[in-house]
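Residues per chain are reported as follows:
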Amino acid sequence: MATATVRLRGFGWRHAGRRRYALRGVDLSVGRGERVLLLGPSGAGKSTLLAALAGLLATDSGQAEGECVVDGRAGIVFQDPSTQLVMARAGDDVAFGLENLAVPAGQIWPRVDAALRAVGFGYPRARSTHALSGGEQQRLALAGVLALRPALLLLDEPTANLDPAGAALVRAALAAALPADTTMILVEHRVAESLPLVDRVLVLGGDGTVTADGAPAQVFAGHGATLAAQGVWVPGLAVPSRRGTGPAGPDLLAGTALGYRHPGAATPALSHVDVSVPAARALAVTGPNGAGKSTLALLLGGLVRPDTGTVAATAALAGHHAGTPPYRWRAATLARHIGSVFQNPEHQFLTGRVDTELALGPRRAGLAAPAVRSIVDELLVRLRLDPLAGANPYTLSGGQARRLSVATALAASPGMLVLDEPTFGQDRRTWCDLVDLLAGVRDAGRAVVLVTHDADLVTALADRRLDLPPGPADPDPVAPPARVAVDGVAAAGAGDRPW
Amino acid sequence: MVSQPLPLARPGAPLARRNPVAKLAAGTAFSLPLLSTLDPLTPALGLAVALAAVPGFGVRYRDLARRSWPLLAGALTAFLTMLVFGTVHSGSTWLGLGPWRLTTGTVVAAAGLALRLLAVSLPGVLVFASTDPTDLGDALVQNARLPARFALGALAAFRLVPLLGQEWRLLGLARRARGVDAGRSPVARVRLFAARSFALLAGAIRRGTRLAVAMDARGFDSGLPRTAARVQRVGPADWLLVVLAGGLAAAALAASLAAGTFRPLGG
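Undergrad: Can you help me understand the overall build of chain A in this one?
TA: Each helix and strand in chain A was counted, giving 15 helices and 18 strands. A compact globule built from 499 residues would reach a C-alpha radius of gyration of about 23 Å, and chain A, at 24 Å, matches this within 12%. When its C-alpha atoms are laid out on the principal axes, chain A stretches across 70 × 55 × 45 Å. Within chain A, the fraction of its 499 residues that count as buried is 54%. Looking at chain A as shown, the accessible area adds up to about 19,300 Å², and 53% of this sits on carbon and sulfur atoms. Treating the 46 positive side-chain charges of chain A as one cloud and the 44 negative ones as another, the clouds have centres 3 Å apart.

Given below as structure tokens:
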């Protein structure tokens, strides 16, 4: 091994106010120019390790033990593009770090241009950072870090918030832009897509120690099953398929000629969409970014009123409420019949404890205390949240928060469930839990609507698919072509991913 | 992706191009003296000068009127309020209804207040409409010697503001999805508003913290002196703008003194 960029000896870190160490007894050495994929179950301390290497663990924010040495400068790219771009214009954002390092003014712009070129950023320097897609923003964030010529590049799930096209942009930029002598440590759930970028795989166990270390093929051959059980997306391992087998139930909800324009937007997010939602079926809504998938979820969820067209519930879903459209129902009525799960779980948390969060829906529906208790207990166990019953929802990990947000919608026993990107950035274990849970919901005769980019999820769960065409890039007086609802996705074959 | 307000000014205009700190100083040097008198003539002259300078900032009158309508509405409200409740009575009585009188003095005082409001705020509107926030941050650090931690930190935080509107809407929809609404109860409405505001604030703090960490990771505020990629200079034209602004305000006061309308504040 060449000179080491990273050396850890018995390293440990405990966040202030926590009893448990996030990391403990980590011995590790990473050589110059090595490309490492860092894996481990949710909560194993991957992000803490990256923060330690980036020098972001302030001494007053916790307690360290052992030794952590980084030879040279470290740079880090985080998950959320919107909170790591600092400046209004792309070029200025790359220049920001160079200014901080007191690079002479004459050298700044040549280095900015070189970094933007290296990541394949296709716009002029003056491009507004707000006008970029998520994938482009992450490319820009990468350019901002690479311009500083770090010896060690750290990436903390850089594609978890992106759709497949955006994630591919970021991986292509990484493959093209990384200098040969730059060491890289990548944390990423989606292993198969990341493997071309790395030559070594390192696994942190649940107790914060290194449990496997070596070439990717060797690690997955030796530890594949264990890693999969811990939630790692081990490449080549099939995911469970839970297609519906029973007959479709009656239609619960129908949308006709739906159109919607967000307040202040120049073009409609959605126009002329027809859709029906039958019971005992899982409907996947797919399509590129900007096609209006999330907007359709809000319309079907009874959360916003369509500008054109109608959303109508049937008596099979809502009994005597079927006479009025869902967006006019009182909130309590809505939650009893249509559950909505938002992309960001934190938007939906209303209380300070996991168990009261689950009890809220059934209690508002007027259930007696013992009935509420039994619903809460069952969901806690079902979603492996029982050890966290007293925890604050905002302190949960990404996977735990996602499971809780789905559980809160289910607690009110709605006849129909609408989920927006439920599997975004989830580890394999949470992913399988969600598929199981949603298959159970569907097989119990309820309807599931999935808005998703996740091809595996569509393959595993969806009985029908509604593919929305790209949104109107510019105002077009001609109506876009009618959307086609495809019945029986199974006919396309499990390996077939046309989108 | 979030929409930003469209820029009001053409960036190449001669006054828009001036150094942001110089523009701020000129605006202050112009507005402050106008506050020293209660007569309508001084602010009327000041307003005329400011309006004459509008094309120099690359702003079209139509856009200015559209953007500053709250200001116009405020001035009109102040004018009408003073007409009704004004206690300065002098000159001829135009209208009398019982104890209430409308006199020349009332009208003059009301016009003075409304004109002052417009004359003092219009320069500020012009300065901010014609100044790019990034340039302002740069100039505050480089020319006004403000700490970068403050000026650039505020600039970065400012960029997260448009996200708040989106966030507020999502929080409301998510509450409805959870079965929570106020119905007709005003008490529930207030409680719901408070809870939603708190959630908005908590989310803003979480995002702000993430942004601060990302800035630290790129070496911000590490104690080293920063260099400047975009250099902001204060040139002769910038000094001239400040001096001219102060001089024009002084000229308006002198005209008021000469015309005998000058009424010092508190005098």
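Undergrad: I'm lost on the sheet that holds strand β11 (residues 270-278) of chain A in this one. Help?
TA: Pairing between the strands of a sheet is mediated by backbone hydrogen bonds and can be parallel or antiparallel. Residues and elements named next belong to chain A. If you trace the three strands from one edge of the open sheet to the other, you get β11-β10-β13, paired in antiparallel fashion. Strands at the two margins of the open sheet, each flanked by one partner only, are β11 and β13 (308-313). The mean angle between the axes of side-by-side strands here comes to 10°, regardless of whether they run parallel or antiparallel. As judged from the five bridges shared by strand β10 (residues 251-260) and β13, these two strands associate in the antiparallel manner.

Undergrad: When you look at the sheet that holds strand β2 (residues 23-31) of chain A in this model, what are you seeing that I'm missing?
TA: Residue and element names in this part refer to chain A. Pairing is antiparallel across the open sheet formed by three strands, whose spatial order is β2-β1-β4. Edge positions in the open sheet fall to β2 and β4 (62-70), since each of these has one partner strand only. Averaged over neighbouring strand pairs, the angle between their axes works out to 10° when direction is ignored. Relative to β2, strand β1 (residues 4-15) runs antiparallel, the two being bridged by six bridges. Bridging from a neighbouring strand, phenylalanine 11 pairs with valine 26 of β2. Contacting β1, β2 and β4, helix α1 (residues 46-53) runs over the sheet at an angle of about 120° to β1.

Undergrad: How do you make sense of helix α5 (residues 164-177) of chain A when you look at a structure like this?
TA: Owing to its 3.6 residues per turn, the α-helix brings residues three or four apart onto one side. Residues and elements named next belong to chain A. Taking 1.5 Å of rise per residue, 14 residues should cover 20 Å, and α5 covers 20 Å from first to last C-alpha, within 8% of that figure. Gly166, Ala167, Val170, Ala173, Leu174 and Ala177 are the residues of α5 that are buried. Projection of α5 onto a plane perpendicular to its axis shows the buried side chains occupying an angular sector of 125°, all on one side. Away from the buried face of α5 by more than 90 degrees, exposed residues Ala165, Ala175 and Ala176 are located. Tucked inside the fold, the buried residues of α5 contact α3 (105-118), α4 (134-146), β6 (152-156) and β7 (183-187).

Undergrad: Please explain the confidence of the model for chain A as it appears in this structure.
TA: For any part of a model where pLDDT is low, the fine detail of the predicted coordinates should not be relied upon. Across chain A, the average pLDDT comes to 88, with 94% of residues at or above 70. Across residues 473-499 of chain A, confidence stays below pLDDT 50; counting only partners more than four residues off in sequence or on other chains, it has 39 contacts.

Undergrad: Is there a simple way to explain the confidence of the model for chain B in this structure?
TA: All names here are of chain B. Per-residue pLDDT for chain B averages 89, and the proportion of residues at 70 or more is 97%. Here residues 1-5 is modelled with pLDDT under 50, and outside its nearest four sequence neighbours on either side it reaches twelve contacts, counting other chains as well. Here the complex is predicted with pTM 0.85, and the ipTM for its interfaces comes to 0.85.

The rules we used
Residues numbered from 1 in each chain as written. Chains lettered and ligands numbered in written order. Predicted model: local features only at pLDDT ≥ 70, side-chain atom pairs only at ≥ 80, totals over all residues. Heavy atoms only, no water. Helix = DSSP H or I, 4+ residues; strand = E, 2+ residues; numbered from the N terminus. Rg over C-alpha atoms; globule rule 2.2 N^0.38 Å. Buried < 20%, exposed > 50% of the residue type's maximum accessible area, 1.4 Å probe, protein only. Areas by Shrake-Rupley, 256 points an atom, 1.4 Å probe, with all protein chains shown as cover. Lys, Arg positive; Asp, Glu negative; His and termini not counted. Charge placed at Lys NZ, Arg CZ, Asp CG, Glu CD. Pairing = 2+ DSSP bridges. Axes fitted to C-alpha atoms, helices over the stretch in contact; angles between N-to-C directions. Contact = heavy atoms within 4.5 Å. Expected span 1.5 Å × (residues − 1). Arc of directions from axis to C-beta. pLDDT = per-residue confidence, 0-100.

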